[in-house]
Amino acid sequence: MKKISIFVFVFLVVCVFYSSAQNVHTIWTRNNAPTETYVVSGPWTLEQSGAAVGLKSAGYCDANGVQVPNPSVERMQPYYFPFITGHGRHLQGYFDYRPKDIDEAVAAAWSDDAGHTWNFQQKVLELRATCPNQLQKDPDGDKDNKNDGNNDDNGDDDGQGHQFILKIAGHTYLYTLDRAVNHIDSDDLYIHELFPQPGLPLNGAPAMNDGPTDETTSQPENSFHTIGLINPDGILGAVPGAWPVKIIYEQKILGGDNTGATAFPASQQCNTFWASYYARNPFGTGVNDDITYLRLAETTDGIHFKDDGPLQGLHDPTDVTASGTRWLATAGTILKFEGGKYGLLFSGGGCIDGDSDAFHYIGYAESTDLLHWTVVNGINNPILSTATYTITVDANGLPIFNGAPGTTITVPSTTPVAGLNNGFLAGRVYAPSATLFGDHNLTVFFAGYHTPKPKNGLGDYRTIGRVSLHSDRRIVDASTNVGSSNDDDRDSDDK
């Protein structure tokens, strides 16, 4: 009888300990401050021939109309939306290369120094090979732009982007979003089967864009595409170790909060409370009526997907306050811990941003079932954040712009885990792609902009940033943990 009692006591203690462990959230600290990354060779970068001082397309093409390559080692601009695989020092990267209003392509590069420097490999699905020849748009209205070969446009940069790679059922698939008018977020994700070769990880995808463009918008969507995803904007990641393969993807309903069956009442639309801010803010941001959700889906072939529903607890699509999260972004990283807990690095934003791209902060959340999430690091205690702002709000957290009395708040209210922002991510920070470095450290790559929307200062946008984070809990696996040996990251963790 006494042995049974001792057994029951030990069992209860173990249960309590396990339950308590499940309720303790991961604590993140930084190993270093965020820094910009660099790329060796590849296509034109913003720093060439004057672009870094605001000349939009300086040096993009030579006198013979040929695109000029990156001649050496430059800041990784204009690259963004990183999707990084591997772990430790040896990484494989896939990036969206997108010089504003000029071109777009999916690019690949590798690193053997934990992502400080990237070695260009190839680009595919390039929107166009022509040189800029249209007068640059003049967003500030002062009509000072000139058609002189330094500030020219090609009219648009709406190619294929939001790239994601998935290996499944003996295939390697590249998924992309078609940004063309009447196709973006209404078409399915396009699929290209890859047959990687040494130095050519994107082998199999065509060199030039093969989908509809803004000039060929009446063309139907590509025939090889996903089936079953709802208004997909891109795939965030694949859940480590799951079969059928489970993915988290973003659904984006363009203009959904004020049109059709998804319309919200006026009290739940940003423009109701933020119209005067949008009219006078210096960043070029304005009202946005999109609705976004992160959703869970599963597949056994990478083509046909079963949607399992929207993720709960990460945001509120009706939030109109000054410190709420209304929108979520496409890219991120799924982590797996011991004991059945999952972590999620995600991007969020709100009405103050005026943009459903959700670039205000990088947050962190946890779940045990992949559908219900608890935000641990949100907009007021984020992992990374854009520039701190101070604003007056009423008792409901709504902004006050008419001088009426209220409460002044600062967002974020606490210092981000990675520290206060610096220049290259002051305007946008989003799309975290994190790789393991040992059992307790992550190397997090992200997209950073100096300003929320590039205007005449076109020399500092779409930058790949990097920061190293430490977890107080052992990380078992990550959605990016594929494709490299694991014998390079068991010594001193990267700082």
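Residues numbered from 1 in each chain as written. Predicted model: local features only at pLDDT ≥ 70, side-chain atom pairs only at ≥ 80, totals over all residues. Heavy atoms only, no water.

Asker: Honestly, unusual backbone geometry in this entry has me stumped. Any pointers?
Answerer: A negative phi angle characterises most non-glycine residues, just as the trans form characterises most peptide bonds. For the bond running from Q77 to P78, omega is 0 degrees, close enough to zero to count as cis. Summarising the element assignment, P78 is placed in the loop between β4 (73-75) and β5 (79-87). Following V411, the chain continues into P412 via a peptide bond in cis, with omega recorded as -5 degrees. Here the phi dihedral of L125 falls at roughly 55 degrees; this positive angle occurs in a residue that is not glycine. Looking at where L125 falls in the secondary structure, it is placed in the loop between β8 (117-124) and β9 (160-168). Residue classification places L125 among the buried positions, given a relative accessible area of 0%. (Helix = DSSP H or I, 4+ residues; strand = E, 2+ residues; numbered from the N terminus. Buried < 20%, exposed > 50% of the residue type's maximum accessible area, 1.4 Å probe, protein only.)

Asker: Looking at this structure, how should I read the confidence of the model for the protein?
Answerer: For the protein, per-residue confidence averages 90 on the pLDDT scale, and residues scoring 70 or more make up 90% of the total. Predicted confidence is poor over residues 7-21, with pLDDT under 50, and the contacts of this stretch with residues over four places away or in other chains come to three contacts. (pLDDT = per-residue confidence, 0-100. Contact = heavy atoms within 4.5 Å.)

Asker: Help me understand the state of the cysteines, please; the structure alone is not making it clear to me.
Answerer: Covalently bonding the sulfur atom of one cysteine to the sulfur atom of another cysteine gives a disulfide. Tallying each qualifying case throughout the model produces two disulfides. Across the disulfide from C270 sits C351; the S-S distance is 2.0 Å. With the S-S dihedral at roughly -75 degrees, the linkage between C270 and C351 falls on the left-handed side. Taken together, the residues span a long stretch of sequence, with C270 in helix α2 (residues 270-280) and C351 in the loop between β18 (342-349) and β19 (361-367) at a distance of 81 residues. On the basis of relative accessibility, which here comes to 1%, the residue C351 falls in the buried class. The cystine pairing of the protein, numbering bonded cysteines in sequence order, is 1-2, 3-4. (Disulfide = S-S within 2.5 Å.)

Asker: Teacher, can you tell me more about the nonpolar core here?
Answerer: Within soluble globular proteins, side chains that are nonpolar generally end up buried alongside one another. Of all hydrophobic cores here, the largest spans 60 residues; its most connected members are I248, W274, L314, L344 and W373. Ignoring sequence-local partners within four residues, the contact set of W373 consists of I248, L311, Q312, G313, L314, Y342, G343, L344, A365, E366 and S367. Counting 28 residues, the second-largest nonpolar core is a separate cluster that includes Y175, I191, L194 and V245. (Core = buried A, V, L, I, M, F, W, Y, C linked by side-chain atoms within 4.5 Å.)

Asker: For this particular structure, what's the right way to read the environment of T292?
Answerer: Relative to the helices and strands, T292 resides in strand β14 (residues 291-299). Among the residues examined, T292 registers a relative accessible area of 0% and is labelled buried. C-alpha separation for the pair T292 and A329, spaced 37 residues apart in sequence, amounts to 7.9 Å. The contacts of T292, once residues within four sequence positions are left out, are E250, Q251, K252, H315, P317, R326, W327, L328 and S356.

Asker: Sorry, what's going on with the sheet that holds strand β15 (residues 306-310) here?
Answerer: Think of a sheet as strands paired side by side through backbone hydrogen bonds, with each pair either parallel or antiparallel. Strand order in the open sheet formed by four strands is β12-β13-β14-β15, and the pairing between neighbours is antiparallel. Two strands bound the open sheet, and with one partner strand each, they are β12 (232-238) and β15. For this sheet, the mean inter-axis angle between neighbouring strands, taken without regard to orientation, is 30 degrees. The pairing of β14 with β15 spans four bridges and is classified as antiparallel. Pairing of E298 across the sheet is with K306, part of β15. (Pairing = 2+ DSSP bridges. Axes fitted to C-alpha atoms, helices over the stretch in contact; angles between N-to-C directions.)

Asker: Hey, could you run me through the packing of aromatic side chains in this one?
Answerer: In this description, a pair of aromatic rings is defined by centroid distance and the angle of the planes. Scanning all chains against the criterion turns up 23 aromatic pairs. Residues Y173 and F224 carry aromatic rings whose centres are separated by 5.8 Å and whose planes lie at 85 degrees to one another, so their mutual orientation is edge-to-face. With Y173 in strand β10 (residues 171-178) and F224 in the loop between β11 (190-194) and β12, this pair connects stretches of sequence that are 51 residues apart. Y173 sits in the buried class, given a relative accessible area of 4%. Seen from their ring centres, Y277 and F401 are 5.9 Å apart, and the 20 degrees between their planes marks the pair as stacked. In this pair, Y277 is assigned in helix α2 and F401 in the loop between β22 (389-393) and β23 (407-411), connecting sequence segments 124 residues apart. (Phe/Tyr/Trp six-rings, centres within 6.5 Å; stacked < 30°, edge-to-face > 60°.)

Asker: Just checking my understanding: could you explain the pattern of salt bridges for this structure?
Answerer: Oppositely charged side chains are able to pair whenever their charged atoms sit close together. The final tally for this structure, using the stated rule, is 26 salt bridges. R295 is the partner of D307 in a salt bridge, and the nearest nitrogen-oxygen pair spans 2.8 Å. Separated by twelve residues along the polypeptide, D307 in strand β15 and R295 in strand β14 bring together distant segments of the chain. A relative accessible area of 22% places D307 in the partly exposed class. R295 gets classed as buried once you look at its relative accessible area, which sits at 11%. (Salt bridge = Lys/Arg side-chain N within 4 Å of Asp/Glu carboxyl O.)

Asker: When you look at the pairing of β18 in this model, what are you seeing that I'm missing?
Answerer: Each regular strand displays side chains that alternate between the two surfaces of the sheet. Burial within β18 is extensive, with eight of its eight residues counted as buried. Covered by surrounding structure in β18 are Y342, L344, F346 and G348 together with G343, L345, S347 and G349, the residues of both alternating faces. With two bridges joining them, strand β16 (residues 327-328) and β18 adopt antiparallel strand pairing. Residue L328 lies in a different strand from β18, and its bridge partner there is G348. Taking the residues between adjacent antiparallel strands as the criterion, strand β17 (residues 333-337) and β18 are bridged by four residues, where G339 takes a positive phi near 85 degrees. Relative to β19, β18 is paired through seven bridges, and the arrangement is antiparallel. Bridge pairing in β19 places L344 opposite A365.

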